[in-house]
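Close look at the chain arrangement
This is what each chain is made of:
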Amino acid sequence: MAGFIRKFTKLEKALKERYSKERDPWGLEPSRAINDLKVIWPFYKYYFDVRIHDKDRVKEGSPYMVVSNHTGQIPIDGLLICTAFATELDHPRILRPLVERFLTSLPFLGRWSSESGAVLGDRVNCMNLLKRGESVLIFPEGVKGIAKESKDHYKLQRFTKGFLRMALASKVEILPIAVVGAEEFFPYVMHFKKIAKFLSLPALPLSLNVFPLPSPVDIYIGEPYMLPAELSAEALDEELEPHIMALEKQIEQMTQVGLLKRRTMTQRLNI
Amino acid sequence: MSKKILIIGIQGAMAKITAEILIQSRSDIQIIGVDSRPIENMPNRPQIKAQQIKYNRTNFEKLFREHQFESVLHLGRLGHSPAMGNIHKRIDINLVGTNTILELAQKFQTKKVVILSTHHVYGALPDNPMFLKEDAPLRASFKYAELRDVVEMDQMCTNWMWKNQNQIETIVLRPSNIIGPQIKNNITQYLKTPYAPLPMDYNPMFQFIHEFDMATMIVNAMEKFTTGIYNVTGDDVISLHEAAEIIGVKKILVPIIAVEQLAKFLTPVWKFPLYMLDYVKFPSTLDNSELKKILGPDTFRFSAKEALELLK
């Protein structure tokens, strides 16, 4: 309990310093975000038993473009990464996940997500966030990454290039992240792509379990990826391709190492 | 010889405040104000001559012929409350009328035309980024056909502006939500409603500009701006719920779907345009960097919070 109080006191202080002078234009309500995190934290800690590795790689004050693999059918991985950055770092921060427009259009959920820090995934928004010194969370695999059938679990999908151009334009460091353990939330999944398209949904996964299983999660923070200073944000796709591949490779390797050290649900539950 | 300014829509609160600021800032000025509505409560100033006219080519031509206008301030766009008449009347005034005014201004060698458009032209959509720049697509009429004359008027003015930029300076202003004790637009009336129905399921970000600041910006546009489109807003952004709290209205929290039904039901007495409901669901906020390039930072007298507090 003392740890819980300490974490949230530190977070409150950090958010007060950051947002008391200037209101966040994307609708983040720091007190609301803290209250939400207080609710999420017991699930983060005791249900998903999240461990964060190499958190010292996140330097105080630097804005980052946090780039992660995307797994687990529904974006719980994003929620856990944001919770880790808000509660586990020495200098906690609210990561700003860039989300699908589908989410921002939803009643209640859209409001809750923006008041908790989420922002519509759009280049203008991303550039403005980075300019203001915010750190953004991006899943460059998009919906293809999260909405995978069981046979494709942990197979990294191709990254889109937009995020790299924004990193080049803003000169913000890319911080690679690998999340291991989230694919096991929903171990058996089927996808109904045509029905999802008909209903204008980003994806329609059907799983045996409705509630995510208590799979232990590991979040690995990689070495910041350095982009060459001479590379322009308007460079040709071919010039960006080696960097996309290098980032994919870095996250893939982090995931594979994580999978080797993975804690299984049976170990955790002592079955 | 005094300089003559034509203000179209002089009966509106914004036009009256603008006229007052113009008179205070320049002694050698004569304002000819016209409106299709009856002229009432006009400030008692010798520099203002206001008259009710029917907005047609003959009347405007007569005005331009009789006076050598230095500038024209077109503040007479019709809004969308059902009280403002049917769509045919709005199209006639907003499109045909504006086109006539632009043509005549050029024909009679007016130096500058300032047109008051609105941020509504960008539309309120769930995929709008924050801080829309002037070159963002105008998507307001995608969903609501009733907004098409607002978008078309803006587009007509900007097309005309670039085509004729060597002959006449034209400035299109797209302000955020103008609020104040005198102005009677939809957002001010909504926020001043003693029991404002607020969506419990949405809380979009808003920008507000005080009517005095907006009038000052119109005068600035006339005196300092060069041909172009300018978003007009301050730096601060406030959520709708916070705005209601600052004013101190008694909030009635309702799901937006119920608000939509309620507004439809109450339209005959409440006269609330339904498209406005999208503006209380999704953001339509403006980037003000073009404005700042000319006027620098700290352009406005009132912050959004102060403007809201003055509505109490």
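Let us look at the structure shown here. This one's a predicted model, so the numbers in the text were calculated from it and none came from an experiment. Along each chain, numbering runs from 1 in the same order as the chain's sequence is written. Chain A is the first chain written and ligand 1 is the first ligand written, with later ones labelled in order. pLDDT decides what is reported in this predicted model: residues at 70 or higher carry local features, side-chain atom pairs at 80 or more are listed and counted, and totals for whole chains, interfaces and linings draw on all residues regardless. For side-chain calculations, the full set of non-hydrogen atoms in the structure is used, while hydrogens and water are omitted.

Let's talk about the overall build of chain A
Along its length, chain A carries eleven helices and nine strands. Using C-alpha atoms as the atom set, the radius of gyration is obtained and then compared with a globule rule of 2.2 Å times the number of residues to the power 0.38. Against the 2.2 N^0.38 benchmark of 18 Å for 271 residues, chain A shows a C-alpha radius of gyration of 18 Å, consistent with a compact globule. In terms of its C-alpha atoms, chain A occupies a principal-axis envelope of roughly 50 × 50 × 40 Å. Looking at the 271 residues of chain A, the share that counts as buried comes to 51%. In this analysis, two residues are considered to be in contact whenever any of their non-hydrogen atoms come within 4.5 Å of each other. Partitioning the contacts of chain A with sequence separation of at least 6, the portion at a separation of at least 24 is 80%. Of the roughly 13500 Å² of accessible surface on chain A, a fraction of 60% belongs to carbon and sulfur atoms. Separation between the mean location of the 38 positive side-chain charges and that of the 33 negative ones in chain A comes to 3 Å. Here a strand is any run of E in DSSP of at least two residues, a helix any run of H or I of at least four, and the numbering for each starts at the N terminus. Each residue is placed in one exposure class: buried if its accessible area under a 1.4 Å probe, protein chains only, is under 20% of its type's maximum, exposed if it is over 50%, and partly exposed if it falls in between. Note on areas: Shrake-Rupley with a 1.4 Å probe; residue coverage comes only from the protein chains shown. The charge count includes Lys and Arg as positive and Asp and Glu as negative, but it does not include His or the ends of the chains. Note on charges: their place is set at NZ of Lys, CZ of Arg, CG of Asp or CD of Glu.

Examining the nonpolar core
What makes a nonpolar core is a set of buried Ala, Val, Leu, Ile, Met, Phe, Trp, Tyr and Cys residues whose side-chain atoms join them at distances within 4.5 Å. Counting 42 residues, the largest nonpolar core has Ile179, Ile187, Leu191, Phe208 and Leu308 of chain B as its most contacted members. Listed by contribution, the elements that provide at least two residues to this core are helix H4 (148-163), helix H5 (186-192), strand E8 (195-199), helix H7 (240-247), helix H8 (256-270), helix H9 (276-279) and helix H11 (304-309) of chain B. Per-element tally for this core: the top contributor is H7 of chain B, with five residues. Beyond its immediate sequence surroundings of up to four residues, Ile187 of chain B is in contact with Asn177, Ile178, Ile179, Phe206, Phe208 and Met276 of chain B. Ile34, Val66, Leu89 and Ile177 of chain A belong to the second largest nonpolar core, which has 39 residues in total.

Comments concerning the interface of chain B and chain A
Buried accessible area, meaning the area lost when the parts come together, often serves as the stated size of an interface. Counting residues at the interface gives 18 residues for chain B and 20 residues for chain A. Note on definitions: buried area is the accessible-area loss of two parts on being combined, 1.4 Å probe, summed for both. Contact with chain A buries surface across chain B, with Asp127, Phe131 and Asp201 of chain B losing the most and accounting together for 27% of the total. Criterion for a salt bridge: a side-chain nitrogen of Lys or Arg within 4 Å of a carboxyl oxygen of Asp or Glu. Viewed at the interface, chain A and chain B are joined by two salt bridges. Of the charged contacts, one joins Arg101 of chain A and Asp127 of chain B as a salt bridge, the two residues approaching to 3.1 Å between their closest N and O atoms. A 3.5 Å cut-off defines polar contacts: any pair of N or O atoms within that distance qualifies, except that in protein one atom must be a possible hydrogen donor and the other a possible acceptor, and neighbouring residues in sequence count only when both atoms are side-chain atoms. For the interface between chain B and chain A, the tally reads eight residue pairs in polar contact (both at pLDDT 80 or more). Mapped by element, the contributors of at least two residues to the side of chain B that touches chain A are strand E12 (238-239) and H7 of chain B. Of the residues belonging to the side of chain B that touches chain A, the class tally is eleven nonpolar, four polar and three charged. Any residue that is not Ala, Val, Leu, Ile, Met, Phe, Trp, Tyr, Cys, Pro, Asp, Glu, Lys or Arg is counted as polar, Gly included; the first ten are nonpolar and the last four charged.

Points about the pairing of strand E2 (residues 29-35) of chain B
All names here are of chain B. Summarising burial for E2: seven of the seven residues are buried, a large majority. The alternating pattern of E2 places Ile29, Ile31, Gly33 and Asp35 on one face and Gln30, Ile32 and Val34 on the opposite face, and all of these are buried. A pair of strands is treated as paired once DSSP finds two or more bridges between them. Note: strand E1 (residues 3-8) against E2, six bridges, orientation parallel. Each residue of the ladder has a partner; that of Ile7, found in E2, is Gly33. Classification remark: right-handed applies to a crossover when, strands pointing away from the viewer, the course from the first strand over the helix to the second runs clockwise. Read as a crossover between parallel neighbours, the route from E1 over helix H1 (residues 13-25) to E2 is right-handed. Relative to strand E3 (residues 48-52), E2 runs parallel, the two sharing five bridges.

Points about the packing of aromatic side chains
Note on aromatic contacts: the rings of Phe and Tyr and the six-membered ring of Trp form a pair at centre separations within 6.5 Å, being stacked when their planes are under 30 degrees apart, edge-to-face when over 60 apart, and tilted otherwise. Summed over all chains, the structure comprises 17 aromatic pairs over all chains. Look at Trp41 of chain A and Tyr46 of chain A: their rings are 6.1 Å apart centre to centre, the planes differ by 90°, and that puts the pair in the edge-to-face class. Taking 4.6 Å as the distance between ring centres and 50° as the angle between the ring planes, the aromatic pair formed by Phe225 of chain B and Tyr230 of chain B counts as tilted. Under the relative-accessibility criterion, Tyr230 of chain B is labelled buried at 5%.

Notes on the sheet that holds strand E5 (residues 112-116) of chain B
Residue and element names in this part refer to chain B. The strand order across the open sheet formed by seven strands is E3-E2-E1-E4-E5-E6-E11, and the pairing between neighbours is parallel. Both edges of this open sheet fall to E3 and strand E11 (228-232), since each of them pairs with a single strand only. Mean inter-strand twist for the sheet, computed between neighbouring axes without regard to direction, equals 20°. Where helices are involved, their axes are fitted lines through C-alpha atoms of the stretch in contact, as for all axes, and angles between N-to-C directions lie from 0 to 180°. Docked against the sheet, helix H2 (residues 57-66) engages E1, E2, E3 and strand E4 (69-74), running at close to 165° with respect to E1.

Overview of the state of the cysteines
In this description, a disulfide is simply a cysteine sulfur pair whose atoms lie within 2.5 Å. The final tally for this structure, using the stated rule, is zero disulfides over all chains. Cysteine Cys126 of chain A is unpaired, with the sulfur of Cys82 of chain A as its nearest cysteine sulfur at 14 Å.

Digging into a nonpolar patch on the surface
Like-charged residues within 9 Å of one another, or nonpolar side chains (Val, Leu, Ile, Met, Phe, Trp, Tyr) within 5 Å, are grouped into patches, provided each residue has over 30% relative accessible area and no salt bridge. Taken together, the side chains of Met190, Phe192, Ile195, Phe198, Leu199 and Leu206 of chain A define a hydrophobic patch exposed on the protein surface, amounting to about 630 Å² of accessible area. Considering the arrangement of structural elements, one finds Phe192 of chain A in the loop between strand E7 (189-191) and helix H9 (193-198).

Any functional reading would require information that these geometric values do not contain.
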